[in-house]
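# Structure at a glance
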Amino acid sequence: SFYTSGVKTNGMVDLFGGKCGLTSNETAQRFPWDVRLGYRRNGRLGWFCSGMLISSSWILSAAHCNQKRTVNAAILGGYKFERKNGRTRRIFKGEDNVQTLYIDRVVTHPSFQLLKSRIIVHDIALYHLTKNAEGRNDLCTNKSK
């Protein structure tokens with residue numbers, strides 16, 4: 001069974017108190033493998049892509065995220081963002097258990113292509129963290145306790 005906010009849906013994982021370790025005190029909108037990717041420049045962090053933690057040290061995301069800007073940072077946990085006046089900004093108040101980690105290697109699909117016609121081919125990449133995420137669970141789909 002798959003549970004989200006206590007509602008049973010189709011799937012393979014019991015999230016609340018189950019095989020992936022998501023407890024009922026986690027918000028329904030935030031999953032422990034949810035990651036935001038970005039870059040650090042001049043001491044500031046900017047966030048512009050999303051991904052998922054697939055192990056304690058690897059993130060799966062789109063390859064195009066690493067094209068115009070070099071992805072070198074990841075944030076995970078109970079972070080909060082707000083969209084206002086066409087800009088997205090991070091809201092620090094009320095955040096819980098947030099980790100900012102850094103990326104040292106990106107493995108892009110060997111056939112990735114960004115075509116002039118705005119078509120993206122094989123848009124997938126792995127992003128390696130310099131240190132393991134603490135207390136977070138990776139994306140799991142059929143693990144048993």
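Up top is the structure.
Summary of the structure given here. Treat the numbers as computed from the prediction; the structure is a model and nothing was measured. (Residues numbered from 1 in each chain as written. Predicted model: local features only at pLDDT ≥ 70, side-chain atom pairs only at ≥ 80, totals over all residues. Heavy atoms only, no water.)

Here we take up the sheet that holds strand 3 (residues 34-41). Taken in spatial order, the six strands close into a barrel running 3-4-5-12-9-6, and their pairing is antiparallel. With direction set aside, neighbouring strand axes in the sheet form an average angle of 45°. Pairing geometry for strand 6 (residues 73-78) and strand 9 (residues 96-108), over five bridges, is antiparallel. Bridged to Leu76 within strand 9 is Gln99. (Pairing = 2+ DSSP bridges. Helix = DSSP H or I, 4+ residues; strand = E, 2+ residues; numbered from the N terminus. Axes fitted to C-alpha atoms, helices over the stretch in contact; angles between N-to-C directions.)

The next thing to look at is unusual backbone geometry. Although it is not a glycine, Arg118 adopts a positive phi angle of roughly 70°. Note on placement: Arg118 falls in the loop between strand 10 (113-114) and strand 11 (120-121). Phi is positive for His122, which is not a glycine, with a value near 55°.

Attention shifts here to the nonpolar core. Grouped burial of nonpolar side chains is what soluble globular proteins tend to show. Leu37, Ile59 and Tyr127 are the most contacted members of the largest nonpolar core, which totals 19 residues. Contributions of two or more residues to this core are made by strand 3, strand 4 (44-53), strand 6, strand 9 and strand 12 (125-129). A total of three residues in this core trace back to one element, the largest contributor, which is strand 12. Setting aside residues up to four positions removed in sequence, Ile59 forms contacts with Val35, Leu37, Gly51, Met52, Leu53, Ala74, Ala125, Leu126, Tyr127 and Leu129. (Core = buried A, V, L, I, M, F, W, Y, C linked by side-chain atoms within 4.5 Å. Buried < 20%, exposed > 50% of the residue type's maximum accessible area, 1.4 Å probe, protein only. Contact = heavy atoms within 4.5 Å.)

We now examine the state of the cysteines. All chains considered together, the criterion is met by one disulfide. In this model, Cys49 is linked to Cys65 through a disulfide, with the two sulfur atoms separated by 2.0 Å. Residues Cys49 and Cys65 share a disulfide whose torsion about the S-S bond is about -90°; that sign makes it left-handed. Within this pair, whereas Cys49 is found in strand 4, its partner Cys65 is found in the loop between strand 5 (58-61) and strand 6, the two being separated by 16 residues in sequence. (Disulfide = S-S within 2.5 Å.)

Two elements, strand 3 and strand 4, share eight bridges in a ladder whose sense is antiparallel. Among the inter-strand pairings, Val35 is bridged to a residue of strand 4, identified as Gly51. The hairpin turn running from strand 3 into strand 4, its antiparallel successor, is two residues long, and Asn42 in that turn takes a positive phi close to 55°. Of the pairings in the sheet, the one linking strand 3 to strand 6 comprises four bridges and is antiparallel in character.

Per the counting criterion, the structure on display carries one salt bridge. Note that Lys131 and Glu134 form a salt bridge whose closest N and O atoms lie 3.7 Å from each other. Judged by relative accessible area, which is 52%, Glu134 ranks as exposed. (Salt bridge = Lys/Arg side-chain N within 4 Å of Asp/Glu carboxyl O.)

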